[in-house]
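Fold and contact review
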Amino acid sequence: QTRMTAKVCVFVLLCLLLVVRESAGKLGKLNVAEDVASHQKEAFAKADGNGDGQISFDEYAAMLTATLKAAGTEISPEQMKELEEAFKKVDGDGNGGLSAAEW
């Protein structure tokens, strides 16, 4: 199970990297730390579909599915369940959504 969780975490990080990389290519700025913070805010805002300041798993899954679809791939139901478990672990306060700080 630890090996599967590690694979899920790597998968999630790669997907987030794709989003940040896509956004970074559009800006062309030199200040990397500022760019990363800006991209994190932008990715959070995109994922927070209803604008409530929290990203629910459904919002996260929709963003991830769209990102993967644009890359020509998809996620299996089993992988989605694993991602949901990983999402719950990242949800530090256990309220069912990720705040900007947890993001």
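Residues numbered from 1 in each chain as written. Predicted model: local features only at pLDDT ≥ 70, side-chain atom pairs only at ≥ 80, totals over all residues. Heavy atoms only, no water.

**Observations regarding the pattern of salt bridges**
This is how the line gets drawn: Any Lys or Arg side-chain nitrogen found within 4 Å of a carboxyl oxygen on Asp or Glu counts as a salt bridge. Working definition: helices are DSSP H or I runs of at least four residues, strands are E runs of at least two. Numbering for both runs from the N terminus.
Within this structure, the stated rule accounts for two salt bridges. The salt bridge partner of Glu85 is Lys88, with a shortest N-O separation of 3.6 Å. Here Glu85 and its partner Lys88 are both found in helix α4 (residues 77-90), three residues apart, which amounts to about one turn of the helix.

**Structural notes on helix α3 (residues 57-70)**
Filter applied, for reference: Here the expected length of a helix is defined as 1.5 Å per residue gap, with one fewer gap than residues.
Compared with an ideal rise of 1.5 Å per residue, which puts 14 residues at 20 Å, α3 spans 20 Å between its outermost C-alpha atoms and is within 8% of the ideal. Phi for Gly72, located one or two positions after α3, is positive at around 85°.

**Notes on the packing of aromatic side chains**
Here a ring pair, both rings aromatic, is described through the centre-centre distance and the interplanar angle of the planes. Filter applied, for reference: Working definition: rings of Phe, Tyr and Trp (its six-membered ring) pair if their centres are within 6.5 Å, and the pair is stacked with planes under 30 degrees apart, edge-to-face with planes over 60 apart, and tilted otherwise. Think of it in three bands: with a 1.4 Å probe and only protein chains considered, a residue is buried below 20% of the maximum accessible area for its type, exposed above 50%, and partly exposed in between.
Scanning the model with the defined rule gives three aromatic pairs in all. Measuring from centroid to centroid gives 6.2 Å for Phe57 and Tyr60, while their planes differ by 45°, and the two rings are tilted. In this pair, Phe57 and Tyr60 are both assigned in helix α3, three residues apart and thus about one turn of the helix distant. In this pair, the class of Phe57 matches that of Tyr60, namely buried. On the basis of relative accessible area, Tyr60 is assigned to the buried category, the value being 5%. An aromatic cluster of three or more residues is present, and its members are Phe57, Tyr60 and Phe87.

**Considering the nonpolar core**
This is how the line gets drawn: What makes a nonpolar core is a set of buried Ala, Val, Leu, Ile, Met, Phe, Trp, Tyr and Cys residues whose side-chain atoms join them at distances within 4.5 Å. It only takes one pair of heavy atoms within 4.5 Å for two residues to be counted as in contact.
Ile55, Phe57, Tyr60, Leu64, Ile75 and Leu83 are the most contacted members of the largest nonpolar core, which has 15 residues in total. Contributing elements (two or more residues each) for this core: α2 (32-47), α3 and α4. Here the element with the most residues in this core is α3; it accounts for six residues. Among residues more than four places away in sequence, those in contact with Tyr60 are Val12, Ile55, Leu83, Phe87 and Trp103.

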